[in-house]
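A look at the structure
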Amino acid sequence: HATTLKIPCYFSVFCSTRNALGHSYFLIMELAWDVAIGIECKESEKLTAKHSNSKELFNTKGKSFLAGGVASGYYALSPYPIYIERGYSSRLIDIDGNEFIDFSLCLGALSVGHAHPLISQKISKQLPSSILFGATSQSSIAVAERLRELYSLPLWRFMNSGTEATRDAIQICRAIKNVDEIIKVEGAYHGQHESVCVSYHPDLDEPHCGSDDAPHSVPSHPGIPSAMNALTHVIPFNSTKCIVEAQIDATPYGKVSCIIVEPILMNCAMILPNETFLKDLRDICDERGIFLIFDEVKTNTTCAYGGATTLFGVKPDIVCLGKSCSGGMPFGGLGMTNEIAKAVACGEPSVNSTFGGNPLAMECCLTTLCDIMTPQSYEQIAKLQELAKTHINKLLTRFGMAGQVIIVGAKGCLVFMDHAPQNYRDWKVNNAHWIDYALHTFLLSHNIWFSGPGEEWTISVQHTESDILALVDCIAQFLELWTSRLG
């Protein structure tokens, strides 16, 4: 749909990439963007024609009562959002009756799929016994015990979202170390709080972005206090040990309280760590007395049994989890070492939430972690992922397209590059973003629901082989259209 919103975005990415690559590339990119915009406009017309009820609701009530007509900015489309009525299995159905195969799954959170029967049963069973005690339940202890088995971190606290988890984790590190400075990765998203709304997808043609090896901290949007921005320092994903240490040494006092990192960098397609990056971070933190935080909000149940912590064999001091653990119920969790837990138990710092560990979320966590996301489930998902990867790679070869299919657990993505991206700037400069934008709208108009241009897909335990083949067929149609238009 997003003609009116995405064309300015096209221009921004186009100019940024053009400046990075040089004007010799200008004409080729201009032609590619023209083709992309042409496909997007045509597919937007098809999409709009199928959503008259969404249009009417947006115009009559949506924009009158919700800012921009949506409950969250993530759900915005242009000229109007698609309003969803219900979901089941691997499907979403909108208020016009259009049925989508959902490969977004609430931006990667629903590894169990929609309305999983076991989750529905657990909710129905808990409701008569209250959903909120304002006290600790037996089930919260059982969840902590299960998470200890999966992540090898001994003690836990619970909250209500991934944003709360990363916020509390950073606050804990600052309090124990008595150091305000922190380090995050350029391009990484860790939720909506001031400490981490820094250098999330900055425009690279801005001089204040710094160099590739020493990026500067850039506020991700207006409203981030300059004092907070100055406390958050930035490294590239897959940095060498020397680069990370140089950024630490460049801070005002030559030290930081913590390094927070997604073990797999999301939201820039999907970028895997090289063989040394996570191990180097662990070594640096040990040598310098710094806490290492793994933000596993998007990787916990989706990347492997035991998350990225188990997959890569590197143990953080704190791990942050989110609603994927609870089958979609509001949930956040912090696993921590004994040293950190001792301070938290004393209330220094305070980690409190009246809704944290509520019995409804805890029961859903137990069902998700014990009964649904089993080793057998990951084997089933892996087969579907390999099916997708094999077929999409054949399509790339057939149409002579440069591209990489990257899969880990339930997560996958297609990048239009001649190599797998190594960090945010590599992806920003070298990926064919114009194809991402056109493909996203094409998928939506053909009833395939994706999170957004260039985002990763997620496969749930309820997806089937026919769902995967439908995605492959849609990508085949798009690539045929793309290559015929490009000539």
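Summary of the structure given here. What you see is a predicted model; the values in this text were computed from it and never measured.

Take the overall build of the protein next. Check the secondary structure of the protein and you find 18 helices and 16 strands. Computed over C-alpha atoms, the radius of gyration of the protein comes to 22 Å, within 12% of the 23 Å expected from 2.2 N^0.38 for 487 residues, which places it in the range of a compact globule. With respect to the three principal axes, the spread of C-alpha positions in the protein is 65 × 55 × 45 Å. Relative to its 487 residues, the protein shows a buried fraction of 56%. The long-range share in the protein, meaning contacts at least 24 apart out of those at least 6 apart in sequence, stands at 73%. Carbon and sulfur atoms form 54% of the exposed surface of the protein, whose accessible area is close to 19800 Å².

Let's shift gears to helix H13 (residues 338–345). Within H13 the residues assigned to the buried category are Ile-340, Ala-341, Ala-343 and Val-344. In a view along the axis of H13, the buried residues occupy a sector of 160°, so they form one face of it. In H13, the exposed residues that point more than 90 degrees away from the buried face are Asn-338, Lys-342 and Ala-345. Where H13 is buried, its residues contact strand S4 (155–159), helix H7 (162–177), strand S10 (291–295), strand S11 (318–321) and strand S12 (332–336).

Time to look at the sheet that holds strand S7 (residues 258–261). Spatial strand order, S4-S12-S11-S10-S7-S5-S6: seven strands in an open sheet with mixed pairing. The open sheet is flanked by S4 and strand S6 (232–235), the only strands paired with a single partner. Within the sheet, the average angular offset between the axes of one strand and its neighbour, ignoring direction, is 20°. The pairing of strand S5 (residues 182–185) with S6 spans four bridges and is parallel. By the bridge assignment, Lys-184 is partnered in S6 with Val-234.

Quick look at the layout of surface pockets now. One number sums up the size of the second largest pocket: a volume of about 510 Å³. Surrounding the second largest pocket, 25 residues form its lining, Thr-136, Ser-140, Trp-156, Arg-157 and Phe-158 being those nearest its centre. Along the lines of polarity and charge, the residues of the lining of the second largest pocket split into 12 nonpolar, nine polar and four charged.

A few words now on the sheet that holds strand S16 (residues 457–458). Strand-to-strand pairing in sheets goes through backbone hydrogen bonds, with the strands running parallel or antiparallel. Spatially, the three strands line up as an open sheet ordered S13-S14-S16, and their pairing is antiparallel. Edge positions in the sheet fall to strand S13 (404–408) and S16, since each has one partner strand and no second. Of the pairings in the sheet, the one linking strand S14 (residues 411–415) to S16 comprises two bridges and is antiparallel in character. Pairing of Gly-412 across the sheet is with Trp-457, part of S16. Across the sheet, helix H15 (residues 375–398) is in contact with S13, S14 and S16; its angle to S13 comes to roughly 175°.

Both trends apply: most residues other than glycine have a negative phi, and most peptide bonds are in trans. The linkage connecting Ser-78 with the following residue, Pro-79, adopts the cis geometry, with an omega of 10°. On the secondary structure map, Pro-79 appears in the loop between helix H3 (52–65) and strand S1 (84–88). A cis geometry characterises the amide bond from Glu-348 onward to Pro-349, with omega recorded as 10°. The topology assignment puts Pro-349 in the loop between H13 and helix H14 (359–372). Of note in the backbone geometry, Asn-178 takes a positive phi value of approximately 55° without being a glycine. With respect to the element layout, Asn-178 can be found in the loop between H7 and S5. Judged by its relative accessible area of 70%, Asn-178 falls in the exposed class. At Asn-238, a position not held by glycine, the phi torsion is positive, near 65°. Looking at the element boundaries, Asn-238 is found in the loop between S6 and helix H9 (241–249). Under the relative-accessibility criterion, Asn-238 is labelled buried at 11%.

With that settled, the discussion passes to the environment of Pro-219. Here Pro-219 lies in the loop between S5 and helix H8 (226–231). Assessed through its relative accessible area of 39%, Pro-219 is described here as partly exposed. Sequence separation between Pro-219 and Thr-48 is 171 residues, and the spatial gap between their C-alpha atoms is 34 Å. Contacts of Pro-219, omitting those with residues within four sequence positions, involve Cys-197, Ile-224 and Asn-229.

Another aspect to go through is the side chain of Asn-229. Structurally, Asn-229 is set in helix H8. Residue classification places Asn-229 among the buried residues on the basis of a relative accessible area of 11%. Reaching out from Asn-229, the side chain makes a polar contact with the backbone oxygen of Ser-217 at a distance of 3.3 Å. Among all residues touching Asn-229, those that are not within four sequence positions of it are Val-198, Ser-217, Val-218, Pro-219 and Ile-224.

Let us look at a nonpolar patch on the surface. A cluster of nonpolar residues, Tyr-74, Tyr-75 and Leu-107, forms a patch on the protein surface that exposes about 310 Å² of accessible area. Of note, Tyr-75 is situated in the loop between H3 and S1. By relative accessible area, which is 45% here, Tyr-75 ends up partly exposed.

Conventions used here
Residues numbered from 1 in each chain as written. Predicted model: local features only at pLDDT ≥ 70, side-chain atom pairs only at ≥ 80, totals over all residues. Heavy atoms only, no water. Helix = DSSP H or I, 4+ residues; strand = E, 2+ residues; numbered from the N terminus. Rg over C-alpha atoms; globule rule 2.2 N^0.38 Å. Buried < 20%, exposed > 50% of the residue type's maximum accessible area, 1.4 Å probe, protein only. Contact = heavy atoms within 4.5 Å. Areas by Shrake-Rupley, 256 points an atom, 1.4 Å probe, with all protein chains shown as cover. Arc of directions from axis to C-beta. Pairing = 2+ DSSP bridges. Axes fitted to C-alpha atoms, helices over the stretch in contact; angles between N-to-C directions. 1 Å grid on protein atoms, 1.4 Å probe; cavity = no way out; pocket = protein on both sides within 12 Å on 5 of 7 lines; lining within 4 Å. Points joined across faces, edges and corners; volume = space filled by probe spheres on them. Nonpolar A, V, L, I, M, F, W, Y, C, P; charged D, E, K, R; others polar. Polar contact = N/O pair within 3.5 Å; in protein donor to acceptor, adjacent residues only side chain to side chain. Patch = residues over 30% accessible without salt bridge, like charges linked within 9 Å, V, L, I, M, F, W, Y side chains within 5 Å. Salt bridge = Lys/Arg side-chain N within 4 Å of Asp/Glu carboxyl O.

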